[in-house]
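Structural overview
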Amino acid sequence: MITTERLTLLPLRVEYAVPMAAVLSDPALYTFTGGEPPTVAALEARYRRQLAGPDRDDEQWLNWVVRYDDQLIGYVQATVTGCTAEIAWVIGTAWQGRGFAKEAAQGLATWLRAGIARRIVAHVNPEHTASAAVATAIGLARTDVLEDGEYLWSTADPA
């Protein structure tokens, strides 16, 4: 568990699929990432895969749901390979615009930096100004690397 001023990041559990399906139900959430709102069954299957972890020994999947005032409002995740963590964040549309994405991503980045990651990266759609602002706020800088239509944002490479 990771705590911030207003949020608690709870380790992922399959049981969170029901409330998270509601959080992720707005098609507008997928404007920049593609896809569509998942069903409860699809989320349960995804969460089982995420909890099982990767097939690679040198990689870790770390996933949390974001809780605010006793309700789930989104998620953060990190894929850690070596000393690099690739992170992502999603906050449901009903809770956007209140700094929750920044706070959750900062909590995650602080936790990662304190233990297992010297470098943090994220991929952000060039038109997603809100996610670019989150990336900037947590100390990432946009690179010139464009992968699958998204810019790579990164902390400085470790020395």
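Look up a bit, the structure's there.
Bear in mind that the values here come from a model prediction, so they are computed numbers and not experimental data.

This model, assessed by the stated rule, comprises five salt bridges. Between Glu15 and Arg13 there is a salt bridge; the shortest N-O distance is 2.9 Å. Notably, a salt bridge pairs Asp58 with Arg56, separated by 3.0 Å at the nearest N-O pair. Residue Asp58 is classed as partly exposed on the basis of its relative accessible area, which comes to 43%. The class of Arg56 is partly exposed, set by a relative accessible area of 42%.

Attention now moves to the pairing of strand S5 (residues 84–91). On S5, burial follows the alternation: Ala85, Ile87, Trp89 and Ile91 on one face are buried, whereas Thr84, Glu86, Ala88 and Val90 on the facing-out side are not. Counted between consecutive antiparallel strands, the loop separating strand S4 (residues 71–81) from S5 contains two residues, among which Gly82 sits at a positive phi close to 60 degrees. Taken together, the three bridges between S5 and strand S6 (residues 119–124) define a ladder with parallel strand orientation. Across the sheet, the residue bridging to Thr84 is Arg119, located in S6. Handedness of the crossover joining S5 and S6 through helix H3 (residues 100–115) is recorded here as right-handed.

Position of Val40 relative to the elements: it lies in helix H2 (residues 40–52). With a relative accessible area of 29%, Val40 lands in the partly exposed category. Along the sequence, Val40 and Val14 sit 26 residues apart, while their C-alpha atoms lie 10.0 Å from each other. When residues no more than four places from it in sequence are discounted, the contact partners of Val40 are Ala17, Val18 and Ala21.

What follows is about the nonpolar core. Met20, Ile87, Trp89 and Leu112 are the most contacted members of the largest nonpolar core, which totals 50 residues. Among the elements that make up this core, the one with the highest residue count is H3 (seven residues). Ignoring sequence-local partners within four residues, the contact set of Leu112 consists of Leu62, Ala78, Val80, Ala85, Ile87, Ala117 and Ile120.

Each turn of an α-helix holds 3.6 residues, which means side chains three or four residues apart point in the same direction. The terminal C-alpha atoms of H2, which comprises 13 residues, lie 18 Å apart, in line with the 18 Å expected from a rise of 1.5 Å per residue. The complete set of buried residues in H2 reads Leu43, Tyr47 and Gln50. Along H2, the residues classed as buried sweep out an arc of 60 degrees about the axis, all on the same side. Residues of H2 that are exposed and point more than 90 degrees away from the buried face comprise Ala41, Arg49 and Ala52. Just downstream of H2 lies Gly53, where phi reads positive at about 85 degrees.

Considering all chains together, one arrives at two aromatic pairs under this definition. On the basis of an interplanar angle of 75 degrees and a centroid distance of 5.3 Å, the ring pair of Trp64 and Trp111 is categorised as edge-to-face. Of the two residues, Trp64 sits in strand S3 (residues 59–68) while Trp111 sits in helix H3, which places them 47 residues apart along the sequence. Judged by its relative accessible area of 6%, Trp64 falls in the buried class. Directly above the aromatic system of Tyr16 lies the positively charged group of Arg13, at a separation of 5.7 Å from the ring centroid. Lying over the aromatic face of Tyr151, Arg142 brings its terminal NZ or CZ to 3.8 Å of the ring centre.

Cut-offs applied
- Residues numbered from 1 in each chain as written.
- Predicted model: local features only at pLDDT ≥ 70, side-chain atom pairs only at ≥ 80, totals over all residues.
- Heavy atoms only, no water.
- Salt bridge = Lys/Arg side-chain N within 4 Å of Asp/Glu carboxyl O.
- Buried < 20%, exposed > 50% of the residue type's maximum accessible area, 1.4 Å probe, protein only.
- Helix = DSSP H or I, 4+ residues; strand = E, 2+ residues; numbered from the N terminus.
- Pairing = 2+ DSSP bridges.
- Right-handed = clockwise from strand over helix to strand, strands pointing away.
- Contact = heavy atoms within 4.5 Å.
- Core = buried A, V, L, I, M, F, W, Y, C linked by side-chain atoms within 4.5 Å.
- Expected span 1.5 Å × (residues − 1).
- Arc of directions from axis to C-beta.
- Phe/Tyr/Trp six-rings, centres within 6.5 Å; stacked < 30°, edge-to-face > 60°.
- Lys NZ or Arg CZ within 6 Å of the ring centre and 35° of its normal.

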